[in-house]
Amino acid sequence: MRLVEALTAALRERGAGCIFGIPGDFALPLFDGLVAQGDLPVHTLAHEPSVGFAADAAARYTSGLGVAAVTYGAGGFNIVNATAGAYAEKSPLVVISGAPGEAECASGLLVHHQGPRLDSQMRVFAEITAASARLDDPRTAAAEIRRVLDAALHDARPVYLEIPRDRVGMRIGRVPPPAPLGVDEEAVADCAEEVMDRLARARRPVLMVGVEVRRYGLEARVAELARRLRIPVVTSFMGRGLMTGTQVQPVGTYLGLAGDPRISRLVEESDALLLLGVILSDTNFAVSAGRLDLRRVIHAFDRRVRVAHHIYPEVPLMALVEGLLERARPLEGVGMAPLPVDWPRGLVADEEPVTPVDIARAINDAFARHGPMPMTADVGDCLFTAMDIAHTELAAPGYYAGMGFGVPAGIGVQLATGRRTLVLVGDGAFQMTGMELAGCGRLGIDPVVVLFDNAGWEMLRVFDPEAPFNDLGSMDWAALARALGGDGYTIRCRRELREALDAALTTRGRFQLLHVRLKPGAISPTLARFVEAQKRARRRRPERRAA
Ligand code: S1T
Ligand code: MG
């Protein structure tokens, strides 16, 4: 069969539902083949960073592969940042790039779009993906596609395929189905036995869930495990929004000194902290009051399980969860977990200026009236504000922290799932990728975007208040929204916020942009605690002055 036919069949078999992309002359045969094949809808966006964010978010919401197709050089290098973010945050993004054919490579001329060398792009992607391959040999292409796509599935990391434009039509073998993940049953049994024993002997066991629980489609199984163990469940910062569709609701999100003190105590005082699929990153743990005592931590991540100071090197998360389920029994020593956090509600719809927590209140009230929505958020105080929104599905760059994710991610989620998305984005990040909203009419989607306008890069301003470069001024974003084919609302007070949100959620067929002019200097409670915690930490370890 032809390469594109085999490739799209293999992508579908591994959970891909569509392709996001921008063509170029080196990728026109690829795009023509994808469209002719028709297996996977192709959605084009305006800029390759957005293509990567949209495909990444699609993967996060579907627990399948997210697929991005780009041209060589100008397109490929443009999607590097989104790929690095997907690597950091364990998202199975498949980047497919066109490339010069044999004739161009042999011309002796420098090829347009090329980097320093013709294989520079391959070399860059080899560094930021779990696997990569150049598909130019019909004898090996099918096996290479399987190897690379299975790596994306098994590692939940991005991968890269490069297809020279004169190879798109080559005939190759069918790509074999996903290879099963080899599991050492004995190691899994030993590991699950030891973990269960530690949990059973603990007085205050706690379960923290992280992104791998979603990536490997394990939320229902982990919820069943929590139910059988009767163990309190929290999410990591990155894991916010996990378990929403299950019988077990997390009691909150661990944010260390920046979070709810009851949740922080629950985690930091635990004598058996089971971290399932949690990224041990600074944004998940940097503001912990005391460094976690590794003797009390069990950490399952990247197919390894660390129990205190020893490691089981090859125990996939799914195998561990099933092993624990076989041995699960109600834990005796469980203290009463704190009552689930009561989210801010009851916005006073008056003429007072809007603060970030007012936005959380208004959204919680709106979700109560209209039902919850899948959310995406960008970097900035909008993400910290999301911590005050009742637990609902969320995709956000909480660890890699690359701006520009929010709007394209919201577009990607609605195109991949058919579900209207609520997007939270700051004015700085909106200026990076907000223009992607121009494509909503053509793409037939209608996300609701809440733009937190604090006229600057507030996340930087709180640490560097004197710096003039953090001020961005303000624009009439609502007018821009209307010019782009959506509805725009300028919101200066809490009454207008409530009215605009109700209007936006009941208007379909056009994207909705709520331009919230925030009260100057107002930040979310979480960001305020985060800043205070960071300042205390810096006072404890003063920056080393340059010699
Ligand atoms: N460029 C990119 C692509 N990502 C980044 N994270 C940064 C630069 C640095 C940066 C932050 S937070 C931030 C910047 C520029 C300001 C964000 O401004 P806005 O979207 O308006 O949100 P808010 O005003 O709520 O802060 C990270 C932390 O280093
Ligand atoms: Mg801002």
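Residues numbered from 1 in each chain as written. Chains lettered and ligands numbered in written order. Predicted model: local features only at pLDDT ≥ 70, side-chain atom pairs only at ≥ 80, totals over all residues. Heavy atoms only, no water.

1. Examining the packing of aromatic side chains
Then, in step 1: Counting across every chain of the model gives six aromatic pairs.
Then, in step 2: Centre to centre, the rings of Phe-53 and Phe-405 are 5.7 Å apart; their planes meet at 65 degrees, and the pair counts as edge-to-face. Here Phe-53, found in helix H3 (residues 48–62), pairs with Phe-405, found in the loop between strand S15 (394–395) and helix H16 (406–417); they are 352 residues apart in sequence, far enough to count as distant. Phe-405 carries the same exposure label as Phe-53, and that label is buried.
Then, in step 3: With a centroid separation of 5.3 Å and an interplanar angle of 40 degrees, the aromatic rings of Phe-384 and Phe-530 are classed as tilted. Note that Phe-384 is positioned in helix H15 (residues 381–386) and Phe-530 in helix H22 (residues 525–540), a separation of 146 residues in sequence. The same class applies to Phe-384 and to Phe-530, which are both buried.
Then, in step 4: These aromatic residues form a ring-pair network of at least three members: Phe-237, Phe-384 and Phe-530.
Then, in step 5: Here the basic side chain of Lys-90 rests over the ring of Phe-301, its NZ or CZ set 5.2 Å away from the ring centre. (Phe/Tyr/Trp six-rings, centres within 6.5 Å; stacked < 30°, edge-to-face > 60°. Helix = DSSP H or I, 4+ residues; strand = E, 2+ residues; numbered from the N terminus. Buried < 20%, exposed > 50% of the residue type's maximum accessible area, 1.4 Å probe, protein only. Lys NZ or Arg CZ within 6 Å of the ring centre and 35° of its normal.)

2. Here we look at the sheet that holds strand S8 (residues 233–235)
Then, in step 1: Overall, mixed pairing links the seven strands, which are arranged S9-S8-S7-S10-S11-S12-S13 in an open sheet. With one partner strand each, in any of the chains shown, strand S9 (252–253) and strand S13 (310–312) form the two edges of the open sheet.
Then, in step 2: One ladder, built from three bridges, connects strand S12 (residues 304–307) with S13; its direction is antiparallel. Following the sheet pairing, Val-307 is matched in S13 by His-310.
Then, in step 3: Helix-sheet contacts for helix H13 (residues 317–327) involve strand S10 (272–276), strand S11 (297–301) and S12, and the interaxial angle to S10 is about 135 degrees. (Pairing = 2+ DSSP bridges. Contact = heavy atoms within 4.5 Å. Axes fitted to C-alpha atoms, helices over the stretch in contact; angles between N-to-C directions.)

3. Thoughts on the pattern of salt bridges
Where charged atoms from two side chains of opposite charge approach closely, those side chains can pair.
Then, in step 1: For the structure on display, the rule yields 47 salt bridges.
Then, in step 2: As a salt-bridge pair, Lys-90 and Asp-302 come within 2.6 Å of each other at their nearest N and O atoms. Of this pair, Lys-90 sits in the loop between helix H4 (80–88) and strand S4 (93–99) while Asp-302 is found in the loop between S11 and S12, placing the two residues 212 residues apart along the sequence.
Then, in step 3: Using a relative accessible area of 0% as the deciding quantity, one classes Lys-90 as buried.
Then, in step 4: Arg-295 is the partner of Asp-293 in a salt bridge, and the nearest nitrogen-oxygen pair spans 2.8 Å.
Then, in step 5: On the basis of relative accessible area, Arg-295 is assigned to the exposed category, the value being 55%.
Then, in step 6: Several salt bridges share partner residues, and in doing so they unite Glu-13, Arg-14, Arg-146 and Asp-150 into one network. (Salt bridge = Lys/Arg side-chain N within 4 Å of Asp/Glu carboxyl O.)

4. Notes on the domain arrangement of the protein chain
One widely used convention gives an interface's size as the accessible area the parts lose upon coming together.
Then, in step 1: Taken domain by domain, the protein chain comprises domain 1 (3–164), domain 2 (185–327) and domain 3 (356–531).
Then, in step 2: Averaged C-alpha coordinates put domain 2 and domain 3 at centres separated by 31 Å.
Then, in step 3: On the side of domain 3, 18 residues touch domain 2, which itself brings 20 residues to the contact.
Then, in step 4: On the domain 2 side of the contact with domain 3, Phe-237, Arg-240 and Ala-258 bury the most area, a combined 43% of that side's loss.
Then, in step 5: In this assembly, domain 2 and domain 3 are joined by one salt bridge.
Then, in step 6: Among the ionic pairs, Glu-393 bridges to Arg-214, the shortest N-O distance being 3.8 Å.
Then, in step 7: Put simply, domain 2 and domain 3 have five residue pairs in polar contact (both at pLDDT 80 or more) between them.
Then, in step 8: Residue classes in the side of domain 2 that touches domain 3 are distributed as nine nonpolar, eight polar and three charged. (Domains from an automatic or database assignment. Buried area = accessible area lost by both parts, 1.4 Å probe. Polar contact = N/O pair within 3.5 Å; in protein donor to acceptor, adjacent residues only side chain to side chain. Nonpolar A, V, L, I, M, F, W, Y, C, P; charged D, E, K, R; others polar.)

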